[in-house]
Amino acid sequence: MPVRISGNVQGALSPGVSSPIDLKLMNSTSHTVKLHRIRVKITTLTAPSSDAAHPCTRLDFQIRQMPHLTLRIRGGRTVDLSRLGVPTEKWPSFGMRNRPVNQDGCMGAHLTLGYKALGAWHR
């Protein structure tokens, strides 16, 4: 589908804290596209402070997915969730779990998120 999705977490991460992800949706076609579901996942995790005594894995993080919504993106437009009128509480969120282990290995970690959407074209 010719809709590109990118996003930025809207706050700093620490154990027990989640922040909304502001998604940007870019429709490169001339047709309106309806997106019905957007999924977020961790695609890469680099943790330079991680070692055997202080691991940092995907288990240290959590993603809350968006509820099923229909988002309309007009042809040739780039919009974000706020411009589409989606309340912040319905945005996906990304956070760090507060696990009962030392999570110092996650300090300075860099994560890349991937996005996938299901949708339909409309003329």
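Residues numbered from 1 in each chain as written. Predicted model: local features only at pLDDT ≥ 70, side-chain atom pairs only at ≥ 80, totals over all residues. Heavy atoms only, no water.

## Some thoughts on the overall build of the protein
Applied cut-off: Put simply, DSSP H or I for four residues or longer makes a helix, DSSP E for two residues or longer makes a strand, and each gets a number counted from the N terminus. Note on classification: 1.4 Å probe, protein chains only; a residue is buried when its accessible area is under 20% of the maximum for its type, exposed when over 50%, partly exposed between these limits. Contacts are residue-level and defined by heavy atoms, with any inter-residue pair within 4.5 Å sufficient. Calculation of accessible area relied on Shrake-Rupley with a 1.4 Å probe; when residues are assessed, cover is drawn exclusively from the protein chains displayed. The positive count covers Lys and Arg only, the negative count covers Asp and Glu only, and His and the chain ends enter neither. Charge positions are represented by NZ for Lys, CZ for Arg, CG for Asp and CD for Glu.
Scanning the protein for helices and strands turns up zero helices and eight strands. Counting all 123 residues of the protein, 31% fall into the buried class. Counting contacts in the protein only where the partners sit at least 6 residues apart, residues at least 24 apart contribute 77% of the total. Total accessible area computed for the protein in this model is approximately 7300 Å², and 50% of it derives from carbon and sulfur atoms. For the protein, the distance from the average position of its 17 positive side-chain charges to the average position of its 6 negative side-chain charges is 17 Å.

## Thoughts on the nonpolar core
The cut-off we apply is this: Residues belong to a common nonpolar core when they are buried Ala, Val, Leu, Ile, Met, Phe, Trp, Tyr or Cys residues joined through side-chain atoms within 4.5 Å.
Core analysis: the largest hydrophobic core is formed by 25 residues, its most contacted members being Leu25, Leu35, Ile38, Phe61, Leu71 and Leu81. Secondary structure elements with two or more residues in this core: strand E1 (3-9), strand E2 (18-27), strand E3 (32-46), strand E5 (71-73), strand E7 (93-96) and strand E8 (110-122). The dominant element in this core, judged by the number of residues it contributes, is E3, at five residues. Ignoring sequence-local partners within four residues, the contact set of Leu81 consists of Ile21, Asp22, Leu23, Leu25, Met66, Leu71, Val86, Trp91 and Pro92.

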